[in-house]
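Single-letter residue listing:
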Amino acid sequence: MATLGAVAFGSAVAGTSFPVVPGDPPAPPSADPRSPRPDIVVLVLDDIPPLDGRLWKKLPNLQRLFIRQGLRFTDAHSETPACTPGRASLLTGLSAHHHGAINTDATADFQPEATVATALQGVGYHTVMVGKYMNLFDRLEDKTPPGWDEMHGFRGAYYDYDMWSNGEPRWHGKGKRHYSTDVIARIAKRELDRAPKWQPLFMWLAPYAAHKPWTVAPRHRRSKRCNGIDRWRPPGYMERDVRDKPNYVGARRIVKPRGYDLSRVCRTMLSVDEMVGDVAKKLQKQGRLANTMFVLTSDNGMAFGSQRFLHDKKAPYGTEIPLMIRWPRVLGVVPKSVGERVQNTDLAPTLCDVAGCRLGPYPTGQPKPDGISLLKLITGELRTMWRKSVLGSYLDQERRVPRYWSITTTGASPLATKVCRQKKKGACRWMYTSYETGEVELYDLSGGECHAWKRKKPGDPCMLENKAGKKKYRSIQRALRETLERKVPDLESLEPERRGLVPASGRWCQLRGRGC
């Protein structure tokens, strides 16, 4: 694993007035990551892509804990880029078509009887959930899903919401003390004080930040900390020539051509940064921090302008999520990075591997998770997981994006040495997407992270040139189509007609042209 340099992803933030966690001693990594069993804290952000570090530079606690002392996955993705499907996959290790929550309605088909929480609780962990469990949580009949010793869940909002604590609602209104990130922080600290000292801890922290409309805590409205953050404008931002893209992309207008202003996103995250600092200090005071596996991720990414998608995330162009891990006892405190393609479905199996539990069988009868444990990749025991490909999908019948399935290859695929400019290095990374409209896309994602890639360099991680249908790439397209059909037997069942959509000028638009 390569060391993550300060130049590439930010350096220390000077002059902060926020509480910053004192550094842990740079102890050598432990030989056995499972003994003694670590405490586990998972921070699940809302609608946050990894970007390129410009956001983390403004957040001193996240910067110190994760960027300067942690391990960063540079190619992590949400299999289904939407809130509830992403959260269900994080909790279960299942793909959306297996856990059933294919849309944003938590009251639909998600079955919480077999999650990483139930598995960890079963092997002796004290389990605590604080924050956004699923969309529309307040409509769930049971506000105490299995697996949680302490459950404090809500639907997701900044103000005006019920926080359901072990099944009992408490209304939070518009006052500054009701700002949801601060409420979550207070509950989390209280639960840490109450947690049995003799039990390993599993805490799931899920603030609503930084979901639109990016409501900033009152104390941060005039903060200058986020001033000067560069606008987000990677090579695929508001792509002008989309003639090679599916029609639903061409139906979208170019807006904000100067780049995406991240200042409100940043200010919304300031309270999250304070919460993380307070939680880490509490863990340190309790003697837990050095052997806490602290994970930062997001329920899904956000396009922020990629291929003309501004505030949307359901298209296959914005699936990247942050995935960072701080675990001093095992990893030390030297920053590292891993370039392996990983999915949100891999988190739950990884946590179970660390803690000594097992996921599955599930209520659906599926015997094991779709994701795999990344523990040996994290510890450096393996340099690759030898997984040849991963799936992607969006299966909800909604109005902006046609349903689709996608498949993306890794370095272990035989296609890693086929056709692309970096084939001699085995660096080809192919992504094939099949839409219910009959349209297809094929990209070579090699070339590193999109934000660092430049036009005319090998690869196409920003997905600018659709190679589907071109003679040179027919063998790749055919091979990926066949692989996708083997992995998804009902691929052909996607209906060509979509509820709420009509063909207009050859493009798929919402009725009356809204959102087009």
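For the structure itself, look to the data block above.
Here the residue numbering is sequential within each chain, running from 1 through the sequence in written order. In view of the model being predicted, local features appear only for residues whose pLDDT reaches at least 70, and side-chain atom pairs are presented and counted only at 80 or more, with totals across whole chains, interfaces and linings using the full set of residues. The side-chain figures draw on all heavy atoms in the structure; neither hydrogens nor water molecules are used.

**Student:** Describe helix α2 (residues 60-67), listing the residues and the values that go with them.
**Tutor:** Remark: exposure states derive from per-residue accessible area (1.4 Å probe, protein chains only) relative to the maximum for the residue type, with buried under 20%, exposed over 50%, and partly exposed in between. Secondary structure elements follow DSSP: runs of H or I no shorter than four residues count as helices, runs of E no shorter than two count as strands, and numbering proceeds from the N terminus. Burial within α2 is extensive, with 7 of its 8 residues counted as buried. Restricting attention to buried positions, one finds in α2 the residues Pro-60, Asn-61, Leu-62, Gln-63, Leu-65, Phe-66 and Ile-67.

**Student:** Give me the state of the cysteines: which residues, what numbers.
**Tutor:** In what follows, a disulfide is any cysteine sulfur pair within 2.5 Å. Within the structure shown, the criterion is met by 4 disulfides. The disulfide partner of Cys-226 is Cys-266, and the gap between their sulfur atoms is 2.0 Å. Here Cys-226 and Cys-266 share a disulfide; its torsion about the S-S bond, -75 degrees, makes the bridge left-handed. Of the two residues, Cys-226 is situated in the loop between β9 (201-206) and α7 (247-250) and Cys-266 in helix α8 (residues 263-285); the sequence distance between them amounts to 40 residues. As far as burial versus exposure is concerned, Cys-226 and Cys-266 are alike and both buried.

**Student:** Before we move on, can you summarise the pattern of salt bridges with the specific residues and values?
**Tutor:** Side chains carrying opposite charge are able to pair once their charged atoms draw close together. By definition, a salt bridge exists where a carboxyl oxygen of Asp or Glu is found within 4 Å of a side-chain nitrogen of Lys or Arg. Summed over the entire model, instances satisfying the criterion amount to 22 salt bridges. Measuring nitrogen to oxygen at the nearest pair gives 2.5 Å for the salt bridge that ties Lys-174 to Asp-160. Residue Lys-174 is found in the loop between β8 (168-172) and α6 (180-194), and its partner Asp-160 is found in the loop between β6 (150-154) and β7 (161-165); the two are separated by 14 residues along the sequence. For Asp-193, the salt bridge identified is with Lys-282, shortest N-O distance 3.2 Å. With Asp-193 in helix α6 and Lys-282 in helix α8, this pair connects stretches of sequence that are 89 residues apart.

**Student:** Describe unusual backbone geometry, with residues and values.
**Tutor:** Cis geometry is adopted by the peptide bond preceding Pro-213, which originates at Lys-212 and carries an omega value of 15 degrees. With respect to the element layout, Pro-213 can be found in the loop between β9 and α7. In the segment running from Gly-360 into Pro-361, the intervening peptide bond is cis, with an omega of 0 degrees. Along the chain, Pro-361 falls in the loop between α10 (347-355) and α11 (375-379). For Trp-214, which is not glycine, the phi torsion reads 55 degrees and is therefore positive. Counting through the fold element by element, Trp-214 comes out in the loop between β9 and α7.

**Student:** How would you explain the nonpolar core if you had to name every residue and give the values?
**Tutor:** We define a nonpolar core as any set of buried Ala, Val, Leu, Ile, Met, Phe, Trp, Tyr and Cys residues linked to one another through side-chain atoms lying within 4.5 Å. Counting residues in each nonpolar core, the largest one holds 60 residues, and the members touching the most others are Leu-43, Trp-56, Leu-62, Leu-205 and Met-269. Listing elements by their share of this core, those giving two or more residues are β2 (39-45), α2, β5 (126-132), β7, α6, β9, α8 and β10 (292-298). Take this core: its biggest share by element is 10 residues, from α8. In terms of nonpolar packing, the next biggest core, distinct from the first, is built from 53 residues, Leu-91, Leu-94, Leu-120 and Met-385 among them.

**Student:** Explain α6 to me, using residue names and the numbers behind them.
**Tutor:** The length a helix should cover is 1.5 Å for every residue beyond the first. In this model, α6 (15 residues) spans 21 Å end to end at C-alpha, consistent with the 21 Å of a helix rising 1.5 Å per residue. All of the buried residues in α6 are Ser-180, Thr-181, Asp-182, Val-183, Ile-184, Ala-185, Ile-187, Ala-188, Glu-191 and Leu-192. The contact rule is simple, with two residues in contact once any of their heavy atoms fall within 4.5 Å. On its buried side, α6 packs onto β5, β6, β7, β8, β9 and α8.

**Student:** Describe in detail the pairing of strand β17 (residues 440-444), supporting the description with residues and values.
**Tutor:** The element β17 is largely enclosed, with a buried count of 4 among its 5 residues. Pairing geometry for strand β16 (residues 430-435) and β17, over 5 bridges, is antiparallel. Within β17, the residue paired with Tyr-432 across the bridge is Leu-442. Between the antiparallel neighbours β16 and β17 lie 4 residues, among them Gly-438 with a positive phi of about 95 degrees. Paired strands are those between which DSSP finds at least two bridges.

**Student:** Report on the pairing of β9, specifying residues and quantitative values.
**Tutor:** Of all 6 residues that make up β9, 6 are buried, and the element is covered over most of its length. The two faces of β9 match: Leu-201, Met-203 and Leu-205 on one face and Phe-202, Trp-204 and Ala-206 on the other face are all buried. Note that β2 and β9 share 4 bridges and pair parallel. Paired with Ile-40 across the two strands is Phe-202, which belongs to β9. Relative to β9, β5 runs parallel, the two sharing 6 bridges. Directly across from Met-129, in β9, lies its bridge partner Trp-204.

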